[in-house]
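The chain contents come next:
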Amino acid sequence: MGQVWKAHDANLDRDVAIKLLHRAGDEESRARFRREALVLSRLSHPGVATILDFDSREGCDFLVMEYVPGGSLASRVAQGPLPVEMVLRYGAAIAEALDSAHHSGFLHRDLKPANVVISAHDHPKILDFGIALFLSGAEGVPRITQEGMAVGSVPYMSPEQLFGEADDARADIYSFGVMLFEMATGRLPFIKERPEALMFAIINSAAPSARSLRPEIPVDLDRIIEDCIRKDPSQRPASAAKVAAQLRRVLEGSTSGEIQQESRSAIQAIVVLPLRNVSNDPAQEYFVGGMTEAIISDLSRIKALRVISRTSAMKYRDTTLSLPEVARELNVDAVLEGSALLIGNRVRVNVQLVRARDEETLWSDRYDRNIDDVLLLQSELAETVVKAIAVQLTPSEALNLSATPQEISREAYDEFLRSRYSSSGGSREGVELGVRHAKRALELAPDFALAWSGLADCYMIQAARGMAPPAIAAADSIAAARRAVALDPSLGDAHASLGCILVFTGHLHEGIESLRKGLTLNPGHAMAHNLLARAHISLGKHADSLPLAQKAVTLDPLTVLHHTTVADCYYFAREYEKSILAYRLAIEVDSRFDAAHFDLGRAFEALGRFDDARKAWNEGRRLSGLQLTSTSFALAHIEAASGNDVEARKILTELTAARSSGMVSAWGIAALHASLGDVDDAFRWLDTAVEEHASGLTTLRVHPRLDPIRHDARYWPLVRQLGLAD
């Protein structure tokens with residue numbers, strides 16, 4: 001923005017610092033510069049650099065501030081970790097100054113070592129309030145950044161700040177925690193080469209403990225840092241004053257275990273790693289995988305415990321990472337790992353529960369049981385884990401966890417496990433095999449509710465991916481899910497399966513009811529959260545959809561579809577900047593997922609960034625490897641939005657002519673007519689889409705591309721006809 005000069009005030013015979021804004025600075029830079037002067041003029045604390053004057057001469061804006069000669073904190077950290085005593089002393093002083101700013105009504109939003117200087121008396125002072133946000137009580141200071149814009153320095157930004165949602169003191173407390181970590185260890189908590197990878201880690205992964213990098217760091221300081229950089233703002237310290245007081249107590253050596261008691265060190269999140277098949281017999285993989293899934297399913301019913309879903313846990317099946325590294329990537333507190341072996345009619349299972357922070361084994365055991373007792377063994381394992389981590393159960397959870405499983409023959413249960421194992425990959429052949437095994441299980445045990453639920457899931461995959469006639473597969477899925485619910489109303493997976501297929505087929509309100517019931521019984525069902533979020537998107541309930549989509553990500557962080565749902569929540573709520581970040585995070589999970597690139601282009605299109613939109617579209621088309629009609633629709637929308645109606649209409653004509661192939665959606669043609677302002681044609685094609693039960697109709701109420709026709713008298717009656725009204 002400009003330059004900083006050391007100068008001498010001849011009138012008062014003192015050195016000062018003068019910040020000069022570049023003459024060519026734009027109006028936003030000038031406004032931000034003036035705003036910094038206003039903020040600093042309201043702050044009076046020894047830990048905040050004092051402003052002496054602000055003026056403009058000959059078109060040049062400048063700030064006169066006290067000169068602090070000791071250099072920046074960044075220059076000291078660059079030389080390596082600071083002495084622990086200095087970390088505590090500097091940290092307490094910075095936290096006190098930060099608390100003063102917060103009480104004056106200001107959020108700094110760019111706290112980092114480069115913005116802290118050290119005085120000649122070895123006292124830190126905070127600088128650069130240029131992007132400060134005024135909180136309640138700070139009237140008269142204009143807002144420069146638009147709501148939802150991410151501002152700050154990425155390595156120090158909290159997860160919510162990356163999405164432009166930092167609106168209270170706990171965002172600064174996160175940044176302060178990163179500073180403490182850096183002062184104590186000489187490095188940042190997250191180190192990545194690419195910005196997208198860094199942002200993904202900040203949002204989704206846990207930082208290493210400071211003590212793991214520097215063992216002489218006091219346990220209490222380590223816990224303070226951990227609390228400050230928690231992902232969830234509500235779990236961070238409530239104020240900088242509280243952090244300062246804790247640091248002072250550690251400095252004085254008078255903690256007496258208080259901080260350990262205050263710290264939320266209880267195990268609240270766990271991953272069950274795939275059990276190892278120690279038989280080395282590939283034919284046993286289905287059984288070992290089934291054991292893993294059953295343990296995850298039992299633990300997922302506990303609301304107070306976040307359990308990583310099977311799909312993300314399976315990514316670590318053959319990992320070479322250490323248990324703490326796995327735990328950090330998944331942001332969990334503990335890891336359950338072990339092995340299983342099937343020998344004739346005997347099952348041998350070895351398991352251990354390890355706390356991620358210090359690699360302490362909390363519990364381990366070996367089980368040797370008859371194969372007929374495998375269901376009881378799985379329930380017993382889950383119940384023992386719950387006791388080991390002392391998680392709080394509700395009365396109904398305790399009852400369900402200790403309940404005796406349904407008595408099913410070994411052969412039927414074996415077929416069920418084979419069905420789950422075969423269909424888990426999602427391939428056409430695997431799902432077809434899953435259907436056959438599920439049907440065989442039901443021949444052996446017609447009242448086996450889990451098998452009916454598994455069959456429903458197989459049919460749903462076939463319907464969603466076009467592996468079978470969608471209408472027939474969807475109807476079969478609904479029938480199987482209803483049968484599962486009737487047989488076992490307490491089976492959360494069955495309600496979730498029913499809700500998922502109902503939402504997929506457009507029965508939103510009934511689907512929402514089933515999904516809610518499923519999540520009541522099984523709060524850890526990631527896909528149920530995802531589909532419930534999408535149902536709320538379709539109904540325009542954006543405030544309800546986002547937390548559900550974010551919950552799905554925390555449960556299943558390595559599944560790209562959950563990340564794209566978060567991005568869709570922002571996109572359909574017209575928060576396009578946030579959606580771009582979320583789509584980029586989805587691409588970070590799986591850069592080969594072509595749909596995420598197409599959707600990223602759609603968000604760029606909405607912001608008028610057409611070159612970026614075309615770049616994203618080209619990448620999506622390259623990855624798809626096919627001349628997909630949906631990609632052509634996307635390009636046509638970009639051309640229409642950028643004012644190139646001729647090219648957009650050319651593509652529209654080609655797509656309309658290609659309808660005879662059966663691959664071109666009437667919904668897509670309707671939406672493109674809407675983008676081009678062809679209102680009557682848009683509604684004519686929407687009627688055709690209704691006749692064809694086009695899946696895109698679920699976004700009729702919320703899609704930005706339909707904005708040109710939204711005020712037509714025919715629009716809301718159609719919304720109500722499709723069951724998309726409240």
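We now turn to the structure provided with this report. (Residues numbered from 1 in each chain as written. Predicted model: local features only at pLDDT ≥ 70, side-chain atom pairs only at ≥ 80, totals over all residues. Heavy atoms only, no water.)

Let's talk about the sheet that holds strand β3 (residues 51-57)
Part 1: Read across the sheet, four strands follow the order β1-β2-β4-β3 without closing on themselves; strand pairing throughout is antiparallel. Each edge of the open sheet is held by one strand with a lone partner, namely β1 (2-9) and β3. On average, adjacent strands in this sheet sit at an angle of 25 degrees to one another, irrespective of strand direction.
Part 2: Pairing analysis gives six bridges linking β3 to strand β4 (residues 60-66), with the strands arranged antiparallel. In the sheet register, serine 56 faces β4, and the bridge partner there is aspartate 61. (Pairing = 2+ DSSP bridges. Helix = DSSP H or I, 4+ residues; strand = E, 2+ residues; numbered from the N terminus. Axes fitted to C-alpha atoms, helices over the stretch in contact; angles between N-to-C directions.)

As for the side chain of arginine 705
Part 1: On the secondary structure map, arginine 705 appears in the loop between α31 (679-691) and α32 (715-721).
Part 2: A polar contact of 2.8 Å, which involves the side chain of arginine 705, links it to the side chain of glutamate 605. (Polar contact = N/O pair within 3.5 Å; in protein donor to acceptor, adjacent residues only side chain to side chain.)

As for empty space enclosed by the protein
Part 1: Enumeration over the complete set of coordinates arrives at five cavities of 30 Å³ or more.
Part 2: For the largest cavity, the calculated volume is near 80 Å³.
Part 3: As for the largest cavity, its lining consists of Pro274, Leu275, Glu285, Val288, Gly289, Thr292, Arg310, Met314, Arg317 and Tyr421.
Part 4: At four residues, helix α11 (residues 285-299) tops the list of elements feeding residues into the lining of the largest cavity.
Part 5: Looking at the lining of the largest cavity residue by residue, the class counts come to five nonpolar, two polar and three charged.
Part 6: Reported here for the second largest cavity is a volume of approximately 50 Å³.
Part 7: Lining of the second largest cavity is provided by Arg301, Asn400, Ser490, Leu491, Gly492, Asp493, Leu521 and Asn522.
Part 8: In terms of residue class, the lining of the second largest cavity is built from two nonpolar, four polar and two charged. (1 Å grid on protein atoms, 1.4 Å probe; cavity = no way out; pocket = protein on both sides within 12 Å on 5 of 7 lines; lining within 4 Å. Points joined across faces, edges and corners; volume = space filled by probe spheres on them. Nonpolar A, V, L, I, M, F, W, Y, C, P; charged D, E, K, R; others polar.)

A few points about the packing of helix α17 (residues 428-444) against helix α18 (residues 449-464)
Relative orientation and spacing of two packed helices are given, respectively, by the angle between their axes and the distance between those axes.
Part 1: Two elements in contact, α17 and α18, have axes whose closest approach is 9 Å; the angle formed by their N-to-C orientations is 155 degrees. Between α17 and α18, the angle falls in the class roughly antiparallel. Where α17 crosses over α18, the handedness of that crossing is left-handed. Across the interface between the two elements, Val431, Glu432, Gly434, Val435, Ala438, Lys439, Ala441 and Leu442 from α17 touch Ala451, Trp452, Leu455, Cys458, Tyr459, Ile461 and Gln462 from α18. (Parallel < 35°, antiparallel > 145°, perpendicular 65-115°, else oblique. Left-handed = near helix turned anticlockwise from the far one by under 90°. Contact = heavy atoms within 4.5 Å.)

A closer look at helix α24 (residues 560-572)
Part 1: Given a rise of 1.5 Å per residue, 13 residues ought to cover 18 Å, and the 18 Å separating the end C-alpha atoms of α24 matches this to within 8%.
Part 2: The element α24 is extensively covered by neighbouring structure, given that 12 of its 13 residues are classed as buried.
Part 3: All of the buried residues along α24 are Val560, His562, His563, Thr564, Thr565, Val566, Ala567, Asp568, Cys569, Tyr570, Tyr571 and Phe572.
Part 4: On its buried face, α24 is in contact with α6 (195-204), α22 (526-538), α23 (542-555), α25 (576-589) and α26 (594-606).
Part 5: In the stretch just after α24, arginine 574 is the one whose phi turns positive, near 70 degrees. (Expected span 1.5 Å × (residues − 1). Buried < 20%, exposed > 50% of the residue type's maximum accessible area, 1.4 Å probe, protein only.)

Structural notes on the environment of aspartate 167
Part 1: The residue aspartate 167 is located in the loop between α4 (159-162) and α5 (169-185) in this model.
Part 2: Looking at aspartate 167, the relative accessible area reads 55%, which means it is exposed.

Digging into the pattern of salt bridges
Part 1: All chains considered together, the criterion is met by 48 salt bridges.
Part 2: With a closest N to O distance of 3.6 Å, arginine 301 and aspartate 298 form a salt bridge.
Part 3: By relative accessible area, which is 10% here, aspartate 298 ends up buried.
Part 4: Residues participating in the shared-partner salt-bridge network are Asp222, Glu226, Asp227, Arg230 and Arg357. (Salt bridge = Lys/Arg side-chain N within 4 Å of Asp/Glu carboxyl O.)

Section: unusual backbone geometry
Part 1: The backbone phi angle of asparagine 331 is positive, close to 55 degrees, even though this residue is not glycine.
Part 2: Counting through the fold element by element, asparagine 331 comes out in the loop between α13 (323-330) and β12 (334-343).
Part 3: The partly exposed category is assigned to asparagine 331, whose relative accessible area is 22%.
Part 4: Of note, histidine 693 is a non-glycine position whose phi angle comes to about 55 degrees, a positive value.
Part 5: Here histidine 693 shows up in the loop between α31 and α32.
Part 6: Residue classification places histidine 693 among the exposed residues on the basis of a relative accessible area of 69%.

Description of the pairing of β12
Part 1: Counting buried positions along β12 yields nine of 10 residues, so the element is predominantly enclosed.
Part 2: Where β12 and strand β13 (residues 346-355) come together, 10 bridges link them in antiparallel fashion. Note on β13: the bridge partner recorded for leucine 341 is arginine 348.
Part 3: Here β12 folds back onto β13, and the loop between the two strands holds two residues, one of which, glycine 344, carries a positive phi near 60 degrees.

Side note on the pairing of β1
Part 1: Summarising the sheet, β1 and strand β2 (residues 14-21) pair through eight bridges and their orientation is antiparallel. Bridge pairing in β2 places glutamine 3 opposite leucine 20.
Part 2: Between β1 and the antiparallel strand that follows it, β2, lie four residues; aspartate 13 among them carries a positive phi value of about 50 degrees.

Section: helix α20 (residues 492-504)
Part 1: Between the first and last C-alpha of α20 there are 18 Å, a value that for 13 residues agrees with the 18 Å anticipated at 1.5 Å per step.
Part 2: For α20, a buried count of 12 out of 13 residues is recorded, marking the element as mostly surrounded by other parts of the structure.
Part 3: Taken together, the buried positions of α20 are occupied by Gly492, Asp493, Ala494, His495, Ala496, Ser497, Leu498, Gly499, Cys500, Ile501, Leu502 and Val503.
Part 4: Contacts made by the buried residues of α20 are with α11, α16 (410-423), α18, α19 (470-487), α21 (508-521) and α22.
Part 5: One or two steps after α20, the chain reaches glycine 506, where phi turns positive at roughly 90 degrees.

The values are spatial; any link to function lies outside them.
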